[in-house]
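Coordinate analysis (summary)
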Amino acid sequence: WYQRRVHGDSDESAPVSYTACDVEKPSGLVDLDSGKFTVQKDGVYRLTFTARMSAMNGQIIRADMFVNDVLVGRSSANLDTSDSTTILDLETTNTLDMNYELKAGDEVYAMLNYVGTMSLIQSSMNYQIFFTGERIRAL
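The following refers to the structure shown. The written sequence of each chain sets the order in which its residues are numbered from 1. Since the coordinates come from a predicted model, pLDDT governs what is reported: local features require at least 70, and pairs of side-chain atoms require 80 or more to be given and counted, while whole-chain, interface and lining totals use all residues. With hydrogens and water set aside, each side-chain value is computed from the structure's full complement of heavy atoms.

1. A word on unusual backbone geometry
A positive phi angle, close to 50 degrees, is found at Asn-68, a residue other than glycine. Segments assigned H or I by DSSP are reported as helices when at least four residues long, segments assigned E as strands when at least two residues long, and all are numbered from the N terminus. Here Asn-68 lies in the loop between strand S6 (58-67) and strand S7 (70-78). Unusually for a residue other than glycine, Asp-69 sits at a positive phi of about 70 degrees. With respect to the helices, strands and loops of the structure, Asp-69 is situated in the loop between S6 and S7.

Here's what the structure looks like:
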């Protein structure tokens, strides 16, 4: 599958949702509103989540990957906050890329996790948020 999102997001309480799914074979694997992918076949999958991340006046922003509500991977961008007199902003593109054994019925999704204020993932009509998965071999 290959999902993408047009608008930014800063909600830490729910999985990242998506605007479109360009490749979904077989169909019915992805729920765009919940942001969750449901595995149809056991196998080793390559999972990626890429986003333009902003920690505006913040310290840390993370993208977490979950399988069945269990944290299995994390990508983070950190600021050095040792200078407490300067307001620090961070703009970066991060990718979480991993191979993971999944079984039919497993649910996979990404969520934000941050420290600071006004942190978010950004996007535009050019798409800057992507969630992909590819079955690379059987178990």
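2. Structural notes on the environment of Thr-95
One can find Thr-95 in strand S8 (residues 89-102). Note: C-alpha distance between Thr-95 and Phe-130 (35 residues apart in sequence) is 9.2 Å. Between two residues, a contact is recorded if the distance between any of their heavy atoms is within 4.5 Å. Once residues lying within four places of it in the same chain are set aside, the contact partners of Thr-95 are Phe-49, Thr-50 and Ser-75. By the criterion applied in these results, polar contacts are pairs of N or O atoms within 3.5 Å in which, for protein atoms, one can donate a hydrogen and the other can accept it, and in which residues neighboring in sequence qualify only through two side-chain atoms. Among the polar contacts made by the side chain of Thr-95, one reaches the side chain of Thr-50 at a distance of 2.9 Å.

Any functional reading would require information beyond the geometric quantities listed.
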